[in-house]
Number of protein chains: 2
Amino acid sequence: MELVQIYECLCDRTRLRLLNVLAPGPLCVCHFQEILREPQVKISKHLAYLRARGLVEVEREGNWMVYELPAKPSRELKTNLACLQDCARENPLFQRDLARLKKLAPKFAEASPGGCT
Amino acid sequence: MELVQIYECLCDRTRLRLLNVLAPGPLCVCHFQEILREPQVKISKHLAYLRARGLVEVEREGNWMVYELPAKPSRELKTNLACLQDCARENPLFQRDLARLKKLAPKFAEASPGGCT
DNA sequence: GAGCCATATTCCTTCGCAGGCATATAGAAG
DNA sequence: CTTCTATATGCCTGCGAAGGAATATGGCTC
């Protein structure tokens, strides 16, 4: 995995938001939709993009696809994800997403791991 | 300056190399050419790209244009440049560039600050 | 002034990606 | 098997950026 490829993944706002809300833990597509408030196609495509480059991993959970950050990220990826989190800390948009995530958390908890209704 | 814009600057190999060799100190275009061994147009254009987005600053020095990292980088930029340096530390290509820079350093020293012949 | 140097800019072509719409898939439920 | 739900994929359009060739600029030097 080339360093440039990591940056190519990071140079889109939607993807940054996806990775940001993914930091606390796994999520499925419908969560992303609800948190980012973006159309399903958009989210799905960007997740596919990230997946193809190893920035996220997927696992099917019945009807739901549960995405998460890689279990064993490369040193470069780990460094950059940490850097992103650092930057996100002072970013209103990213913070709003995280706030929404927190708000929805109890709702998710009722369901399966990373699960939906 | 949006965080995404920083990543847009970082998602090209040539620009990464430019920023990498710029970390130790200011350089002029002919140095970049000699270190990266890339055509002048290519280097000049990428420097213009970085300049337009505030990732580098320029100052004319007679016939030469001396580029350097911004004097007062934003928190986000500073964080990301540090991250880049961290990643570059284990990257053969980046290390080779730095090695070339070191080799040329005495030659530069004879001339003006960041200077050429 | 003329000519030279280092660097920037313009014009062109090619390419990949974002975004949207429509449609396909895969599994669950009846 | 049919239907529903969640998600993915194909096709299209538009845009922006990379790279190269040629040319322009701006400042020296004589």
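Structure: see above.
Notes on the structure follow. Just so it is clear, the structure is predicted and the values come from calculations on it, not from any experiment. (Residues numbered from 1 in each chain as written. Chains lettered and ligands numbered in written order. Predicted model: local features only at pLDDT ≥ 70, side-chain atom pairs only at ≥ 80, totals over all residues. Heavy atoms only, no water.)

1. Notes on the packing of helix H3 (residues 29-36) of chain A against helix H4 (residues 40-52) of chain A
All names here are of chain A.
Part 1 of the reasoning: The geometry of H3 relative to H4 is characterised by a closest axis approach of 10 Å and an angle of 120° between their N-to-C directions. In terms of orientation, H3 lies oblique with respect to H4. As for how H3 packs across H4, the hand of that crossing is right-handed. Residues Val-29, Phe-32, Gln-33 and Leu-36 of H3 touch H4, and the partners they reach there are Gln-40, Ile-43 and Leu-47. (Axes fitted to C-alpha atoms, helices over the stretch in contact; angles between N-to-C directions. Helix = DSSP H or I, 4+ residues; strand = E, 2+ residues; numbered from the N terminus. Parallel < 35°, antiparallel > 145°, perpendicular 65-115°, else oblique. Left-handed = near helix turned anticlockwise from the far one by under 90°. Contact = heavy atoms within 4.5 Å.)

2. Thoughts on the protein's contact with DNA strand D
Part 1 of the reasoning: With respect to spatial proximity, 22 residues lie near DNA strand D, and among them Gln-40, Ser-44 and Tyr-67 of chain A together with Arg-15 and Lys-45 of chain B are the closest.
Part 2 of the reasoning: If you look at DNA strand D and keep only atoms within 4 Å of the protein, 56% of those are sugar or phosphate atoms.
Part 3 of the reasoning: The backbone of Val-29 of chain A places a nitrogen or oxygen atom 3.4 Å from a phosphate oxygen of DNA strand D.
Part 4 of the reasoning: Within the side chain of Asn-63 of chain A, an N or O atom sits 3.4 Å from a base oxygen of DNA strand D.
Part 5 of the reasoning: The leading source of residues in the surface near DNA strand D is helix H4 (residues 40-52) of chain B, at five residues.
Part 6 of the reasoning: Taken together, the residues of the surface near DNA strand D break down into ten nonpolar, five polar and seven charged. (Near = heavy atom within 4 Å. Polar contact = N/O pair within 3.5 Å; in protein donor to acceptor, adjacent residues only side chain to side chain. Nonpolar A, V, L, I, M, F, W, Y, C, P; charged D, E, K, R; others polar.)

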